[in-house]
Amino acid sequence: MKISGKTKILGIFGYPIEHTLSPQMHNAAIEVLGLDMVYLPFEVRPEGLGIAVEAIRSLGILGVNVTIPHKSAIIPYLDRISEEARVIGAINTIVNRGGELIGYNTDGEGYVRSLKRELDFDVKGKKVLILGAGGAARGILVSIAREGPKDVIVANRTITKASTLVRELKGLFPDVGMTALGLIPEILKVHLGGTALLINATSLGMRGEGIGLPLDALPGDTVVSDIVYKPLITPLLEEASALGFITHNGLGMLVEQGALSLKLWTGLDAPIEIMREVVLKYLDNPYPI
Ligand code: NAP
């Protein structure tokens, strides 16, 4: 990598930040595209968030990704945010356009693109069950709702968060049936019939936890999807695979949301396959590269 006086800076704000795979993924893409740019991790503590955002302007940083815990807290510091990010209530990408800082959210669209690219799966007219009502689930729900599913159920441990989310979005997508439920296996069991896509958008699975749903109540052609990518094969996906369901892991969403951010910063199409290979290399990889 050649750094010169002309090299443009990209990066990611988060706390903690050591675990991120975005620098490896983006720097590989930057190299393939032959760009004079570098992507750096920035450990930004919550109390320093405002100063860090101001530094994007004062240091002429081209753009940053934003991760936990700043995705919502950072919004008041920006000049404007996209309509989609406003509905989601969180951003994961900032673009510095000549000193104007604009926030976007590429997580949900990244998820939908990953489903299309990897499985050629279209949610239009289908029933979708989303587990979780946190930041990632909000982004996914908005992007999925735009695709015109018939029904979406949002099931969350804290049911009030699921109800609030559904209440907020119902008015925006009047043609999509939306229901909020608790993440209670006995209750969810009766709602599994007819599901075309089950998405785990909770953090369950990161530490080896299962979801506890009776998957055998799902139709045989249900796609079981998990956005957790560490581990790549969560207990949910392992169980779904053993039962013969088509499975979809969180790697594609990670790569696609990054590719969409890179496009916002550079206007270029990202080398998806290279980014995917690099992330796989750094994950505890059960697949051959
Ligand atoms: P978040 O805003 O903190 O939301 C966490 C969600 O998980 C909430 O719905 C929470 O329920 C639920 N949850 C946490 N612990 C639980 C437990 N023990 N039992 C049941 N539910 C539990 O986090 P997020 O940003 O949405 O991220 C969620 C997951 O998605 C993380 O694992 C993250 O790594 C992954 N993710 C992946 C990608 C990707 O590119 N593949 C992108 C973003 C996020 P409550 O509301 O009840 O607390």
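What you see is a predicted model; the values in this text were computed from it and never measured. (Residues numbered from 1 in each chain as written. Predicted model: local features only at pLDDT ≥ 70, side-chain atom pairs only at ≥ 80, totals over all residues. Heavy atoms only, no water.)

Q: Can you help me understand the pattern of salt bridges in this one?
A: Any two side chains of opposite charge can pair, given that their charged atoms come close. Enumeration according to the criterion identifies 13 salt bridges in this entry. Residue Arg 113 is joined to Glu 109 by a salt bridge in which the shortest nitrogen-to-oxygen separation is 3.0 Å. Of this pair, Arg 113 and Glu 109 are both found in helix 4 (residues 107–119), 4 residues apart, which corresponds to roughly one turn of the helix. For the salt bridge of Asp 151 with Lys 150, the shortest nitrogen-to-oxygen distance reads 3.6 Å. When its relative accessible area of 28% is taken as the criterion, Asp 151 is described as partly exposed. A residue is classified by how much of its surface remains accessible, and Lys 150, at 54% relative accessible area, is exposed. Through salt bridges with shared partners, a single network forms among Glu 54, Arg 57 and Asp 79. (Salt bridge = Lys/Arg side-chain N within 4 Å of Asp/Glu carboxyl O. Helix = DSSP H or I, 4+ residues; strand = E, 2+ residues; numbered from the N terminus. Buried < 20%, exposed > 50% of the residue type's maximum accessible area, 1.4 Å probe, protein only.)

Q: Would you take a moment to explain the nonpolar core for this structure?
A: Side chains that are nonpolar tend, in soluble globular proteins, to be buried together. Judged by nonpolar contacts, the single largest core of 33 residues is most densely connected at Tyr 111, Ile 130, Ile 140, Ile 144, Leu 197 and Ile 199. At the level of secondary structure, the elements contributing two or more residues to this core comprise helix 3 (83–88), helix 4, strand 7 (127–131), helix 5 (135–146), strand 8 (151–156), helix 6 (159–170) and strand 10 (197–200). The leading source of residues in this core is helix 5, at 6 residues. Counting 26 residues, the second largest nonpolar core, distinct from the first, contains Ile 17, Tyr 39, Ile 102 and Val 279. (Core = buried A, V, L, I, M, F, W, Y, C linked by side-chain atoms within 4.5 Å.)

Q: Please explain helix 1 (residues 22–33) as it appears in this structure.
A: Given 3.6 residues to a turn, an α-helix orients residues that are three or four positions apart in the same direction. For helix 1, built from 12 residues, the straight-helix expectation of 16 Å at 1.5 Å per residue is met to within 8% by its first-to-last C-alpha distance of 16 Å. On the buried face of helix 1, the contacting elements are strand 1 (8–14), strand 2 (37–43), strand 3 (63–66), helix 9 (251–266) and helix 10 (272–282). Positive phi shows up at Gly 34, right after helix 1, with a value of about 70 degrees. (Expected span 1.5 Å × (residues − 1). Contact = heavy atoms within 4.5 Å.)

Q: When you look at the sheet that holds strand 11 (residues 223–226) in this model, what are you seeing that I'm missing?
A: The pairing of strands in a sheet happens through backbone hydrogen bonds and is either parallel or antiparallel. Overall, parallel pairing links the 6 strands, which are arranged 9-8-7-10-11-12 in an open sheet. Of all the strands in the sheet, the pair left with one neighbour each is strand 9 (177–182) and strand 12 (246–248). Averaged over neighbouring strand pairs, the angle between their axes works out to 15 degrees when direction is ignored. Both strand 10 and strand 11 contribute to a ladder of 4 bridges, which runs parallel. Paired with Leu 198 across the two strands is Val 224, which belongs to strand 11. Of the strands in this sheet, strand 10, strand 11 and strand 12 are in contact with helix 8 (residues 235–242), which crosses strand 11 at around 165 degrees. (Pairing = 2+ DSSP bridges. Axes fitted to C-alpha atoms, helices over the stretch in contact; angles between N-to-C directions.)

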